[in-house]
Amino acid sequence: MSSATRITRIAKAYQPKPDETGVIVADTRFAFDPQWYAWIAARPGAVLTLGGRPVLANVSRERAEAVRSAIDADSGSWAEGLSATAYEDGITIYNAALRKRERPFLIELIPANVRAIERASYFGAYKGVTDLLTKYLWPEWALVLTRIAARTGMTPNFITTIGAALCVWATVLFWDGHYWTGMAAGLAFMVLDTVDGKLARCTITSSWWGNIFDHGLDLVHPPFWWYAWGVGLGAHGLALAPDVFWTVMGVMVGGYVLQRLIEGWFIHVAGMHIHVWRKIDTDFRLITARRNPNMLILFVSLLFSRPDLGLLAVTGWTVLSLIFHFVRLLQAIAARRRGAALTSWLSDGSAA
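Residues numbered from 1 in each chain as written. Predicted model: local features only at pLDDT ≥ 70, side-chain atom pairs only at ≥ 80, totals over all residues. Heavy atoms only, no water.

Chemist: Residue-level account of the sheet that holds strand β3 (residues 46-50), with values.
Modeler: One open sheet holds the 4 strands; their spatial order is β1-β4-β3-β5, and the pairing between them is mixed. Unpaired on one side and paired on the other, β1 (23-26) and β5 (83-86) mark the two borders of the sheet. Averaged over all adjacent pairs, the angle separating strand axes in this sheet is 20°, with direction ignored. Contacts from helix α3 (residues 61-72) reach β1 and β4 (53-59), with the element oriented near 175° to β4. (Pairing = 2+ DSSP bridges. Helix = DSSP H or I, 4+ residues; strand = E, 2+ residues; numbered from the N terminus. Axes fitted to C-alpha atoms, helices over the stretch in contact; angles between N-to-C directions. Contact = heavy atoms within 4.5 Å.)

Encoded structure:
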């Protein structure tokens, strides 16, 4: 898309606060992270510069055309009465939606910079708090797929639909005891689960339905995978005794649901996600008993041809993760009752 089209999409996607007034003037000769649009919109009379050149300005409606003309003509008259902030100053922004504090990208849009802008846009759309596979193993694979999807006109919902089909296929394969094939289908799904969100954010095409589709699929499918894995053990002569099987299923499914409820309760108590409260919570999110870390445990168990032990290990890890999150919830409740302010270690600037 053209720079003007991209900026227009950013502006349409932005939801201004009731007290925000003024006009945003943007120089299409630059590419920038959508976070900068929100940042400038909240600062009347401010201008963001790069190399001394204005990129974004928040001005009155009466002055907007004059500032735009001055920017087009590379005239210095745009600066009168405005408070300039240089990108080079290195200020950082806390992105609550993506759970990270960073300096969003701002790059001059010239042919030599296109590749760098693509990477900056992609990694700018990446969540800062996530599991270790998504954070360290998927990025480069998903970048290639995101680039292909964007250039061929695929939509994020189309990617999610492909992923949903792979998710169902993996469930069927696990049920039949075809663990390696199921693991391959699951791996493809997990990578595409990263691609759809990045594609939506990079192309500024996020939608209400896309968000429901993607996150709903993520929320619902894990218990079906664990149940199918347990059923598939019979094909290998490793079936768990009925009482053990149902205990494992009860612990895994119950633990998964309870952990999600704890996370929701924590948001109610603290006004933020549990994994951004303190650095230990962010670090624990890398390995907590969610789908991707659990699949890593199961993958290791397949290397030793013991998928039964893998399922038992995931069960134990689910219990430990549940205990950790419950303790953190109790600590947050206790802190709130003492009158302590609950803030994220990312939002307070300690991560900068």
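And the narrative resumes.
Chemist: Go over the environment of Gly186 with me, naming the residues and quoting the values.
Modeler: Note that Gly186 resides in helix α8 (residues 179-202). With relative accessibility at 0%, the residue Gly186 sits in the buried group. Between the C-alpha atom of Gly186 and that of Gly163, which follows or precedes it by 23 residues, the distance is 8.9 Å. (Buried < 20%, exposed > 50% of the residue type's maximum accessible area, 1.4 Å probe, protein only.)

Chemist: Hey, could you go over the side chain of Asn292 for me, with residue numbers and the actual values?
Modeler: Mapped onto the elements of the fold, Asn292 is located in helix α12 (residues 291-303). Owing to a relative accessible area of 3%, Asn292 belongs among the buried residues under this scheme. Here the side chain of Asn292 touches Arg291 through a polar contact of 2.8 Å, side chain to side chain. The residues touching Asn292, leaving out its near neighbours within four places in the chain, are Asp131, Leu133, Thr134, Trp138 and Met190. (Polar contact = N/O pair within 3.5 Å; in protein donor to acceptor, adjacent residues only side chain to side chain.)

Chemist: Help me get a handle on the pairing of β3, residues and values and all.
Modeler: Of all the 5 residues making up β3, 5 are buried; the element is thus mostly covered by neighbouring parts of the structure. Of the two faces of β3, the one lined by Ala46, Leu48 and Leu50 and the one lined by Val47 and Thr49 are each fully buried. Two strands pair when backbone bridges link them, and β3 and β5 are joined in this way by 4 bridges, in the parallel orientation. Bridging from a neighbouring strand, Thr49 pairs with Ala86 of β5. In the sheet, β3 pairs with β4 via 4 bridges, with the strands oriented antiparallel. Within β4, the residue paired with Thr49 across the bridge is Pro54.

Just geometry here; none of it tells us what the structure is for.
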